[in-house]
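So you can see what is in the structure, the chains are spelled out below.
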Amino acid sequence: TFALDKKPDLAGSIDEDTIASGEWPANWSLASYEDVGEYYAGRVLKEEQSNNVSGIMTTNIVTAGPTDTIKSVEKLFDHVTGVPVVDSEGVCVGIVSKKDLAKGGSTVSQIMSAPARTIKKNNSVGEAAAIMLKYKVNRLPVVNSGGEVIGIVSRTDIFTALESMEE
């Protein structure tokens, strides 16, 4: 078993050029959910809307259905990097990324990542960053209390927001 006696000091580990590009800093890949939460505690104020997911999410989103053909969804990726998959009630049941298109199958349900990791619009930007790191995902559908998709937030959105908060 591997255990850390003391938590890593992440305070000086962020490469500003890496954040601007939207790439995960390599040393963050080893950080735990708790480490990320601790790092951003105090840096992200939940009261301000600009620090919430609602202030940075994209709201004009495209979605796909689980029975849609992969061919019909491919053209959506000319404009986006990820497409939430919703059922007939609009509830998020998965997500398809460009990488998923390479998987074999004929329908979206055969290639989508499910269940989708989602977030609510009132969650903080720091919480979104921590979820992305914890689950190693590049985008999070934003859902309402009924699970319906109301937006999407990408890692680039997150890092752009976090970078502007630190200035």
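Our subject is the structure that appears above.
Quick notes on the rules
- Think of each chain on its own: its residues are numbered from 1, step by step along the sequence as written.
- Two thresholds apply to this predicted model, a pLDDT of at least 70 for residue-level local features and 80 or more for giving and counting side-chain atom pairs, whereas whole-chain, interface and lining totals are computed over all residues.
- Calculated side-chain values reflect all of the structure's heavy atoms, with hydrogen atoms and water omitted.
- Helix and strand assignments come from DSSP, with helices taken as H or I runs of at least 4 residues and strands as E runs of at least 2, each series counted from the N terminus.
- Three labels apply to residues, based on accessible area from a 1.4 Å probe with only protein chains included: buried if under 20% of the type maximum, exposed if over 50%, partly exposed otherwise in between.
- Here a residue-residue contact requires only that any non-hydrogen atoms of the pair lie within 4.5 Å.
- The method behind every accessible area is Shrake-Rupley, applied with a 1.4 Å probe, and residues are considered shielded solely by the protein chains displayed.

Trainee: Residue-level account of the overall build of the protein chain, with values.
Mentor: What the protein chain contains, in helices and strands, is six helices and five strands. Counting from the amino terminus, the protein chain carries its helices and strands in the arrangement α-α-α-β-β-α-β-α-β-β-α. Here the protein chain, with 167 residues, has 40% of them falling under the buried criterion. The contacts in the protein chain between residues at least 6 apart in sequence include a share of 54% that link residues at least 24 apart. Per element, the accessible surface of the protein chain, about 9,500 Å² overall, is 49% carbon and sulfur.

Trainee: Describe in detail the environment of Val149, supporting the description with residues and values.
Mentor: Mapped onto the elements of the fold, Val149 is located in strand 5 (residues 149-154). For Val149, a relative accessible area of 16% corresponds to the buried category. Along the backbone, Val149 and Val91 are 58 residues apart, and their C-alpha atoms lie at a distance of 6.5 Å.

Trainee: Explain the environment of Ala128 residue by residue, including any values.
Mentor: With respect to the helices, strands and loops of the structure, Ala128 is situated in helix 5 (residues 125-135). Expressed as a C-alpha distance, the spacing of Ala128 and Thr118, which sit ten residues apart in the sequence, is 9.0 Å. Not counting the four nearest positions on each side in its chain, Ala128 is found in contact with Val53, Ile119, Leu140 and Ile158.

Structural measurements only, silent on function.
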